[in-house]
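# Structural characterization, general
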Amino acid sequence: MSDGAVLHVKGRVLVGPEDVRDELWVVGGRIAHQRPAGARDVRTVEGWALPGLVDAHCHVGLDAHGPVPDDVSEKQALTDRDAGALLLRDAGSPSDTRWADGREDLPKIIRAGRHIARTRRYIRNYAWEIEPEDLTAYVAQEARRGDGWVKLVGDWIDRGTGDLSACWPRDAVEAAIAEAHRLGARVTAHCFAEDSLRDLVEAGIDCVEHATGLTQDTIPLFAERGVAIVPTLVNIALFPKLAEGGEAKFPDWSAHMRRLHARRYDTVRAAYDAGIPVYVGTDAGGALPHGLVAAEVAELVKAGIPPVEAVSATAWGARAWLGRPGLEEGAPADLVVYEADPRADVRVLAAPRRIVLNGRVAG
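All figures in this text were calculated on a predicted structure; none of them were measured in a lab. (Residues numbered from 1 in each chain as written. Predicted model: local features only at pLDDT ≥ 70, side-chain atom pairs only at ≥ 80, totals over all residues. Heavy atoms only, no water.)

## Some points on the sheet that holds strand 4 (residues 42-51)
- Taken in spatial order, the seven strands line up as 3-2-1-4-18-19-20 in an open sheet, and their pairing is mixed. At either margin of the open sheet sits one strand with a lone partner, and together these are strand 3 (30-32) and strand 20 (360-362). Within this sheet the neighbouring strands show an average axis-to-axis angle of 40°, counted without direction.
- Relative to strand 2 (residues 20-27), strand 1 (residues 6-14) runs antiparallel, the two being bridged by seven bridges. Paired with Val6 across the strands is Val27, a residue of strand 2. (Pairing = 2+ DSSP bridges. Helix = DSSP H or I, 4+ residues; strand = E, 2+ residues; numbered from the N terminus. Axes fitted to C-alpha atoms, helices over the stretch in contact; angles between N-to-C directions.)

Pasting the structure below:
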């Protein structure tokens, strides 16, 4: 498309879950809901249009071993784009990916800075590894470096006990979260197990990643405080393999991981039923490849979340939660067009027909 071109999207435009319109226009990279006067060089795209999908937990600039070169980060971002994920919340990366902000062909990234973990209590080469007395200072540092988020590692295996356990004392996370909020940042935390959750929520955390350790005791607390979860079920599917690999050395941990895996769908459904906000995230960039956003939506449906709500968790609802626009008048034209209605069958999301990023048809 030339700079003077106009894109006409027609068919069914899902501005909201129930707000379905017949068309929209893209002029100068922005959305218009009325035909622009004097439109010329018009290109038409037909189908079912959604706001660009959100992967609310991925890692651009990271692989299983640590930071990656910029050309690998670029491939990761392009893979997400081609899957329809046009807004990424990077939930921790040691790489500086700010260079991507100048690229109109790459998804928009909301960064949480680098993971903050307890010393020798996380994956090597991923995180700042510190002790509790330094937590507030490192949270402040990453709040200033990020895009409104900070990422903690809330629990991990304790080699002394041979099982998952909380990484931080209550007073340390209270002070650190308060400092993040003072600086205008929200805080999220990696949590697999049960015992870290109450302290984090009562300390004011905004979100928990994975949240496999939710129980009937903590689910009401999350709901009352409005703490969101990003279950990353495509990643939780790896728990049995992880458990098998660690069984000889850490049998208690392995058994725990298998239990968390076995009840994963019940956990997510119970959270949803209680009113806990649930969003789509894949955890791509560590053990998993990028481009899995449609697979995660399908997993949420398998867990019992209604299809329209699972779509919202990667579209309208997720964008509102992250403070980014959807298909409103004047918003950046980031949208994905499909052959059929994804609200009726979320498997449609796996096959984008057209991807429009910053007003240009991509790919």
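## Here's the deal with the packing of aromatic side chains
- Within the structure shown, the criterion is met by seven aromatic pairs.
- Taking the centre distance of 6.0 Å and the plane angle of 75° together, the rings of Tyr122 and Tyr126 count as edge-to-face. Exposure class is identical for Tyr122 and Tyr126. Each is buried.
- Ring plane angle 70° and centroid distance 4.8 Å describe the contact between Phe192 and Phe239, whose orientation is recorded as edge-to-face. Highlighted residues: Phe192 in the loop between strand 15 (186-191) and helix 4 (197-202) and Phe239 in helix 7 (residues 239-246), separated in sequence by 47 residues.
- Take Phe239: its relative accessible area is 0%, and that puts it in the buried class.
- Through a chain of ring-to-ring contacts, the aromatic side chains of Tyr122, Tyr126, Trp156, Phe192 and Phe239 assemble into a single cluster. (Phe/Tyr/Trp six-rings, centres within 6.5 Å; stacked < 30°, edge-to-face > 60°. Buried < 20%, exposed > 50% of the residue type's maximum accessible area, 1.4 Å probe, protein only.)

## Digging into the nonpolar core
- Ranked by size, the top nonpolar core spans 89 residues in total, and within it Leu50, Leu135, Ile205, Phe222, Leu300 and Leu349 carry the most contacts.
- The element that contributes the greatest number of residues to this core is helix 3 (residues 170-182), accounting for five residues.
- If we ignore the near neighbours within four places in the chain, the residues touching Leu349 are Leu50, Leu53, Ala83, Ala294, Val297, Val311, Tyr338 and Pro342.
- Grouped together as the second largest cluster of nonpolar side chains are 15 residues, Val45, Leu327, Ala331 and Ala333 included. (Core = buried A, V, L, I, M, F, W, Y, C linked by side-chain atoms within 4.5 Å. Contact = heavy atoms within 4.5 Å.)

## Considerations on the environment of Arg103
- Inspection of the secondary structure puts Arg103 in the loop between strand 8 (85-90) and strand 9 (108-111).
- The class for Arg103 is partly exposed, based on a relative accessible area of 27%.
- As for Arg103 and Thr136, which are separated by 33 residues in sequence, their C-alpha atoms are 33 Å apart.
- Only 2.8 Å separates the side chain of Arg103 from the side chain of Asp105, close enough to count as a polar contact. (Polar contact = N/O pair within 3.5 Å; in protein donor to acceptor, adjacent residues only side chain to side chain.)

## Looking at the packing of helix 2 (residues 135-145) against helix 3
- Between helix 2 and helix 3, whose axes approach to 8 Å, the crossing angle comes to 25°. Taken together, the axes of helix 2 and helix 3 lie roughly parallel to each other. Crossing handedness for the pair helix 2 and helix 3: right-handed. In contact with Leu135, Thr136, Val139, Ala140 and Arg144 of helix 2, helix 3 contributes Ala172, Val173, Ala175, Ala176, Glu179, Ala180 and Arg182.
- For the contact of helix 2 with helix 3, the per-class residue count stands at eight nonpolar, one polar and three charged. (Parallel < 35°, antiparallel > 145°, perpendicular 65-115°, else oblique. Left-handed = near helix turned anticlockwise from the far one by under 90°. Nonpolar A, V, L, I, M, F, W, Y, C, P; charged D, E, K, R; others polar.)

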